[in-house]
Amino acid sequence: MWEESNCDMSSISPNHCVGQYMRGYNLIANIPWDRVDNIIIPVNVSECFHWIFVVFRIKHRCLYVYD
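Since we're looking at a predicted model, the values are computed, not measured. (Residues numbered from 1 in each chain as written. Predicted model: local features only at pLDDT ≥ 70, side-chain atom pairs only at ≥ 80, totals over all residues. Heavy atoms only, no water.)

Peer 1: With reference to specific residues and values, describe the overall build of the protein chain.
Peer 2: A count of helices and strands for the protein chain gives 1 helix and 3 strands. Along the protein chain, from the amino end to the carboxyl end, the secondary structure elements read α-β-β-β. In the protein chain, buried positions account for 10% of the 67 residues. A separation of at least 24 residues holds for 2% of the contacts in the protein chain among residues at least 6 apart in sequence. When the accessible surface of the protein chain is totalled, it reaches about 6,100 Å², and 57% of it is carbon and sulfur. (Helix = DSSP H or I, 4+ residues; strand = E, 2+ residues; numbered from the N terminus. Buried < 20%, exposed > 50% of the residue type's maximum accessible area, 1.4 Å probe, protein only. Contact = heavy atoms within 4.5 Å. Areas by Shrake-Rupley, 256 points an atom, 1.4 Å probe, with all protein chains shown as cover.)

Peer 1: Describe the packing of aromatic side chains, with residues and values.
Peer 2: This model, assessed by the stated rule, comprises 1 aromatic pair. For the ring pair F53 and Y66, a centre distance of 6.1 Å and an interplane angle of 45° mean the geometry is tilted. Pair noted here: F53 is in strand β2 (residues 50-57) and Y66 is in strand β3 (residues 62-66), with a separation of 13 residues, a long-range link. (Phe/Tyr/Trp six-rings, centres within 6.5 Å; stacked < 30°, edge-to-face > 60°.)

Peer 1: Tell me about the environment of I39, residues and numbers included.
Peer 2: You can see I39 is positioned in strand β1 (residues 38-45). Using a relative accessible area of 22% as the deciding quantity, one classes I39 as partly exposed. Once the C-alpha coordinates of I39 and R57 are considered, the two residues, 18 residues apart in sequence, prove to be 6.6 Å apart. When neighbours within four sequence positions are excluded, I39 is seen to be in contact with W33, V54, V55, F56 and I58.

Peer 1: Can you lay out the environment of R61 for me, pointing to particular residues and giving the numbers?
Peer 2: In this fold, R61 is placed in the loop between β2 and β3. Residue classification places R61 among the exposed residues on the basis of a relative accessible area of 75%. Here the alpha-carbon distance between R61 and N38, two residues 23 residues apart in the chain, equals 9.9 Å.

Written out as structure tokens, the structure is:
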């Protein structure tokens, strides 16, 4: 949940869909796929309670896995 704080958010435009989401104005779950660059997927390996981070870069058709 996003809470108002003293963070500097000047690098994200207030009109950008991510900036609007972070400020609590709208949800970005219904953005068309042609406007999405990356999909961020947190993955839990339940056997050892370990988390990995997957970024799917649509334009490059690549998965980046961060451990």
